[in-house]
Amino acid sequence: MAGELSVAIVELERDKALAMVKDRAERDSDPIQILDECRRGMTIVGERFQAGDYFLAELMLSAEIFKGAVSILDPYLSKARPVQPLGTVVLATLKGDIHDLGKNIFSTLLKSQGFDVHDIGVDVTPALVVDRVREVAPDFVGFSALITSAFDSMKQASELLWEAGLRDRFKLMVGGGVTTPMVKDYIGADFQTTDATAGVDYCLSIIGGK
Ligand code: B12
């Protein structure tokens, strides 16, 4: 059953939802649990959209509420971060896709575990990915996808990274609601998931094995 916070997000009660997030965070509740309740609300909003009960305007409003919640929680999640980063991650949503809620959750969870995250945003060109990877020299690169038409941009980025001689220096991850093991193979990634926690566990396991 959805909690009070999830319901406030589903009902698009922005002020109420954000006040609840702030209040719970200040009262020392586990920020990851609060984030998870917000995510559950977003899942229900997605279901209503798919059923035709909600339209784009409602989706956009819920996305704004979610972003507000993440920015309130970010300092609480960072409290536990170690001084020396565990590893470096470059994240992007590729050309043709502007969805970023899942990417932002993954970024927040990675930061809470002590990773240094370079988020280059949405609708990112493959060439920009190559530039940032060359500049940052990350341990991991993560692509987030919610639109099937972004698969080709991800594949192109992966190919350009090989051509630039950079691809064997990091693990390539792909995540987001529309991704599958077949998409992973198509773009030549090392790991695929639709669960941000599994992505964090993967990064921890690779860093732990180094
Ligand atoms: C919210 C939403 C929007 C919001 C996006 C707000 C934002 N800032 O992101 C808005 C309203 C802007 C929007 C716009 C559009 N949308 Co939209 N949208 C959705 C919706 C309802 C939810 C997506 C979401 O945020 N889910 C919640 C997040 C938390 O889940 P997630 O991304 O999977 O992330 C989790 C994991 O996958 C993981 N993860 C995510 N990324 C990564 C990356 C790595 C590396 C790792 C390890 C893990 C990881 O972490 C998260 C937590 O576990 C979906 C429907 C659905 N049920 O999925 C449609 C959906 C994705 N949209 C869709 C469409 C078509 C559009 C539009 C084209 C609509 C239009 N006609 O204009 C435009 C997009 C334009 C574009 N070029 O991108 C379609 C895509 C169809 C397809 N297969 O291509 C969907 C599936 C709806 C549908 N059934 O038709 N949308």
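**Focus: the site of the ligand**
Part 1 of the reasoning: Taken together, 34 residues are adjacent to the ligand, and Ile-98, His-99, Asp-100, Ser-144 and Gly-177 come closest.
Part 2 of the reasoning: Here an oxygen atom of the ligand sits 3.4 Å away from a polar atom, N or O, in the main chain of Leu-101.
Part 3 of the reasoning: Interatomic distance of 3.0 Å between a backbone N/O atom of Thr-148 and an oxygen atom of the ligand.
Part 4 of the reasoning: The cavity that encloses the ligand is the largest pocket.
Part 5 of the reasoning: If you list the elements that add at least two residues to the shell around the ligand, you get helix H3 (31-50), helix H4 (56-78), helix H5 (101-112), strand E3 (140-144), strand E4 (171-175) and helix H9 (196-208).
Part 6 of the reasoning: Sort the elements by how many residues they give to the shell around the ligand and H5 lands first, with five residues.

**Quick notes on the coordination of the cobalt atom of the ligand**
Part 1 of the reasoning: Counting protein donors to the cobalt atom of the ligand gives just one, His-99 (NE2), placed at 2.3 Å.
Part 2 of the reasoning: Within the secondary structure, His-99 is located in the loop between strand E1 (88-93) and H5.

**Observations concerning helix H2 (residues 14-26)**
Part 1 of the reasoning: Under the 1.5 Å per step criterion, the end-to-end length of H2 is 18 Å for 13 residues, consistent within 8% with the ideal 18 Å.
Part 2 of the reasoning: Of the positions making up H2, those classed as buried are Ala-17, Leu-18, Met-20, Val-21, Arg-24 and Ala-25. In an axial view of H2, the angular spread of the buried residues amounts to 155 degrees, which keeps them on one side of the axis.
Part 3 of the reasoning: Lining the buried residues of H2 we find helix H1 (4-10), H3 and H4.
Part 4 of the reasoning: A positive phi of about 70 degrees marks Asp-28, the residue just after H2.

**Remarks on the layout of surface pockets**
Part 1 of the reasoning: Within this model, the largest pocket holds a volume of roughly 1,500 Å³.
Part 2 of the reasoning: Taken together, 47 residues make up the lining of the largest pocket; nearest its centre are His-99, Asp-100, Leu-101, Gly-102 and Leu-146.
Part 3 of the reasoning: Among the elements of the structure, H3, H4, H5, E3, E4, strand E5 (191-193) and H9 are those that each provide at least two residues to the lining of the largest pocket.
Part 4 of the reasoning: When residues of the lining of the largest pocket are assigned to their parent elements, the largest contribution, 11 residues, is made by H3.
Part 5 of the reasoning: For the lining of the largest pocket, the class distribution of residues is 24 nonpolar, 15 polar and eight charged.

Parameters and conventions
- Sequence order sets the numbering: in each chain, residues are counted from 1 along the sequence as written.
- Selection of residues for local features in this predicted model requires a pLDDT of at least 70, selection of side-chain atom pairs for listing and counting requires 80 or more, and totals for whole chains, interfaces and linings are taken over all residues.
- Based on all heavy atoms of the structure, the side-chain values leave hydrogens and waters out of the count.
- The rule for a residue being near a molecule or strand is that one of its heavy atoms must lie within 4 Å of it.
- Polar contact criterion, stated in full: a pair of N or O atoms within 3.5 Å, where within protein one must be able to donate a hydrogen and the other to accept it, and residues adjacent in sequence count only if both atoms are side-chain atoms.
- Only protein atoms enter the 1 Å grid, on which a cavity is a set of points fitting a 1.4 Å probe that cannot get out and a pocket is an open set with protein on both sides within 12 Å along at least 5 of 7 lines, lining residues being those with an atom within 4 Å of a point.
- To qualify as sitting in a cavity or pocket, a molecule needs more than half of its atoms within 2 Å of the grid points.
- Counting from the N terminus, the helices are the DSSP runs of H or I reaching at least four residues and the strands are the DSSP runs of E reaching at least two.
- For Na, K and Ca the donor cut-off is 3.2 Å, and for all other metals it is 2.8 Å, counting N, O and S atoms only; because water is absent from this set, sites may look incomplete.
- Working rule for helices: expected span equals 1.5 Å times residues minus one.
- Relative accessibility thresholds used throughout: buried, under 20% of the residue-type maximum; exposed, over 50%; partly exposed, between the two (1.4 Å probe, protein chains only).
- Note that the arc is computed from the directions linking the helix axis to the C-beta atoms.
- Throughout, a contact is declared for two residues whenever any of their heavy atoms are within 4.5 Å.
- Grid points are joined across faces, edges and corners, and a volume is the space filled by probe spheres set on the points.
- Ten residue types, Ala, Val, Leu, Ile, Met, Phe, Trp, Tyr, Cys and Pro, are classed as nonpolar, four, Asp, Glu, Lys and Arg, as charged, and the remainder, Gly among them, as polar.

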